[in-house]
Amino acid sequence: MANVIVVGTQWGDEGKGKVVDILSESFDAVVRYQGGNNAGHTIVVAEEKVVLHLVPSGILRMGKICILGNGVVIDLPALTHEIGQLRKLKVRVEDTLYIGKSAHLVLPYHKILDVERERHGSQKIGTTGRGIGPAYADKMARVGVRIGDLYDPVAFRERLAAVLAEKQAQAGLESLLHTLDATTLFREQMQHFEQVKRFLVDASEVVNRFIAEGRRILFEGAQGTLLDVDLGTYPYVTSSSATAGGACTGTGVGPTHIDGVVGVMKAYTTRVGEGPFPTELTDATGQLLRDRGQEYGATTGRPRRCGWLDALALRYAVRVNGLSTLALTKLDVLDTLPHIRVCTAYQHRGNRLSAFPNETGILAECTPVYEEQPGWEESTIGALKLEQLPKACRAYLDRLQELTGVDISLISTGPRRDQTILVDTPAFRGWGLHR
Ligand code: IMP
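Throughout what follows, the structure given in this document is the object of discussion. Quantities reported herein were computed from a predicted structural model and do not represent experimental measurements.

### With respect to helix H10 (residues 284-292)
Of all the residues in H10, the buried ones are Gly286, Leu289 and Arg290. All buried residues of H10 lie within an arc of 100° about the axis, which places them on one face of the element. Elements in contact with the buried residues of H10: strand S13 (305-307). In this structure Asp283 caps H10, since a side-chain oxygen of it lies 3.2 Å from the backbone nitrogen of Thr285. Note on H10: the residue one or two positions beyond its end, Gln294, has a positive phi of about 45°.

As structure tokens, this is what we get:
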């Protein structure tokens, strides 16, 4: 038995989609526990690119069960669109997709509020504009709508009308909220609900039953540690619990059933949206990372901010997630660089910091102290074994393990499934992932 959580260790976009896709081969079910269609996984299967925003990437593996847990927020039109795309790819979603009844809905007024707050509010976060923050805010304020509420159309209609009226009363005259009408909203949502209600389940009951039957569960986090609403670089974060703890509350599975946590890290750092990023590079090297790594958002197409790896941020991710092991992605993006830098400390007002200060004001004033290593300047694309990697590259990997105190169990050497090195580590062996 092995029930394992996969989390991002940076600001999202670490390549979790590929890691989950590879690991899912050895698991029976993949459960997504937070976030909504602000996330986007680009997966390449047989040269075909697929972008998934809501449904876990495991859906592309024949027979794997994919579950959206109660911690996820669902935009119904986005979900029905995604299901339609999967059907076109001949994926048998009918047999394998389950949706937690208690997941909250992202409704059109959430999207309007998100975009208008970004445009006119006092603080720009650089959100994806998908209504995620306002939907989670309503959940916490106890005025949200859960997908299972649509089983009772009369009650749903009443609630929708009341919540919309309240939001319209609070909005300025110029707000697009005034263009919404509760009857139309109700009809649209019900139309999409009819297409997905066959997938609805009590997700906690299903996952716990699977665990009791000895099936193996992979918990998939969206975004990353530094975007977690509690533990990330607040307020420049998303509105959910992206760290490992969120897997329990977002699925209704107790911590005693979890066997370990895989942290996915990119060989460098990226960030989309606003907020401090000490190792950001605004020079030619930053552009090179963006170009070689194709660092443009899977959801919004925005160019990602790029920079060197930050060992303080990684050690922080090891701590707050209790990481058992690491999966390293996009190693090949560094192949052409003559020198590679890793931040090993920060300078802050004359002091040297060796731990990540999770206070945005302090982080914004930190300058990175770098350690430089020689690059390898040869291709690592498609390497299948550690021994195939250049010496300088292996030295870089060894140093990362030293700096984080955690083994690297998986190295991605290209976008395709087969471009991957699986390392024989105690964590992967213990979970039966290394054969
Ligand atoms: P929201 O999640 O749309 O509210 O956006 C809040 C912050 O999280 C913004 O900085 C977004 O760019 C960032 N964010 C949300 N989802 C992702 C993701 O999947 N990858 C990277 N950044 C994300």
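### Description of the pairing of strand S15 (residues 325-329)
Looking along a regular strand, one sees side chains alternate from face to face of the sheet. Across the five residues that make up S15, a large majority, five, are buried. Side-chain alternation along S15 places Thr325, Ala327 and Thr329 on one buried face and Leu326 and Leu328 on a second face that is also buried. Strand direction decides the pairing type here: strand S11 (residues 260-266) and S15, joined by five bridges, are parallel. Bridge pairing in S15 links Val262 to Thr325. The sheet contact formed by S15 and strand S19 (residues 408-412) spans three bridges and is parallel. Across the sheet, residue Leu326 finds its bridge partner in S19, namely Ile408.

### Brief notes about the pairing of S11
Within S11, seven of the seven residues are buried, leaving the element largely enclosed by the surrounding structure. Burial along S11 is two-sided: the residues Gly260, Val262, Val264 and Lys266 and Val261, Gly263 and Met265 are all buried. Across five bridges, strand S1 (residues 3-8) lies against S11 in parallel orientation. Opposite Ile5, over in S11, you have Val261 as the bridge partner.

### Section: the site of the ligand
Taken together, 15 residues lie around the ligand, and Asp13, Asn38, Thr128, Thr238 and Arg302 are the ones closest in. Between the ligand and Thr128, the relevant distance is 2.6 Å, taken from an oxygen atom to a side-chain nitrogen or oxygen of the residue. Protein contacts shield 96% of the accessible area of the ligand, which totals 470 Å² for the unbound molecule. Taken together, the residues of the shell around the ligand break down into six nonpolar, seven polar and two charged. Mapping the shell around the ligand onto the domain boundaries places at least three of its residues in each of domain 1 (3-90 + 202-430) and domain 2 (104-198).

### Remarks on the pattern of salt bridges
Per the counting criterion, the structure on display carries 22 salt bridges. One salt bridge in this structure joins Glu280 and Arg305, with 3.0 Å as the shortest N-O distance. With a gap of 25 residues between them, Glu280 in the loop between strand S12 (269-271) and H10 and Arg305 in strand S13 connect regions that are remote in the sequence. The exposure class assigned to Glu280 is partly exposed, which follows from its relative accessible area of 28%. Between Glu295 and Lys330 there is a salt bridge, with its nearest N and O atoms 3.0 Å apart. One end of the pair, Glu295, is in the loop between H10 and S13; the other, Lys330, is in the loop between S15 and strand S16 (339-348), with 35 residues separating them in the sequence. Residue classification places Lys330 among the partly exposed residues on the basis of a relative accessible area of 24%.

### With respect to the packing of aromatic side chains
Considering all chains together, one arrives at eight aromatic pairs under this definition. Centre to centre, the rings of Tyr151 and Phe193 are 5.5 Å apart; their planes meet at 85°, and the pair counts as edge-to-face. Taken together, the residues span a long stretch of sequence, with Tyr151 in the loop between helix H5 (132-140) and helix H6 (153-170) and Phe193 in helix H7 (residues 182-196) at a distance of 42 residues. The exposure class of Phe193 is buried, given its relative accessible area of 1%. Here the aromatic rings of Phe156 and Phe186 are separated by 5.7 Å at their centres, their planes lie at 40°, and the arrangement is tilted. Of this pair, Phe156 sits in helix H6 while Phe186 sits in helix H7, and the two are 30 residues apart along the sequence. Of the two residues examined, Phe156 and Phe186, each falls in the buried class. Members of the aromatic cluster, joined through ring pairs, are Tyr316, Tyr346 and Phe356. Lying over the aromatic face of Phe199, Arg198 brings its terminal NZ or CZ to 5.8 Å of the ring centre. The ring centre of Phe210 lies 3.9 Å from the NZ or CZ of Arg215, which sits over that ring.

What counts and what doesn't
Residues numbered from 1 in each chain as written. Predicted model: local features only at pLDDT ≥ 70, side-chain atom pairs only at ≥ 80, totals over all residues. Heavy atoms only, no water. Buried < 20%, exposed > 50% of the residue type's maximum accessible area, 1.4 Å probe, protein only. Helix = DSSP H or I, 4+ residues; strand = E, 2+ residues; numbered from the N terminus. Arc of directions from axis to C-beta. Contact = heavy atoms within 4.5 Å. Polar contact = N/O pair within 3.5 Å; in protein donor to acceptor, adjacent residues only side chain to side chain. Pairing = 2+ DSSP bridges. Near = heavy atom within 4 Å. Areas by Shrake-Rupley, 256 points an atom, 1.4 Å probe, with all protein chains shown as cover. Nonpolar A, V, L, I, M, F, W, Y, C, P; charged D, E, K, R; others polar. Domains from an automatic or database assignment. Salt bridge = Lys/Arg side-chain N within 4 Å of Asp/Glu carboxyl O. Phe/Tyr/Trp six-rings, centres within 6.5 Å; stacked < 30°, edge-to-face > 60°. Lys NZ or Arg CZ within 6 Å of the ring centre and 35° of its normal.

The quantities given are spatial measurements derived from coordinates; they are silent on function.
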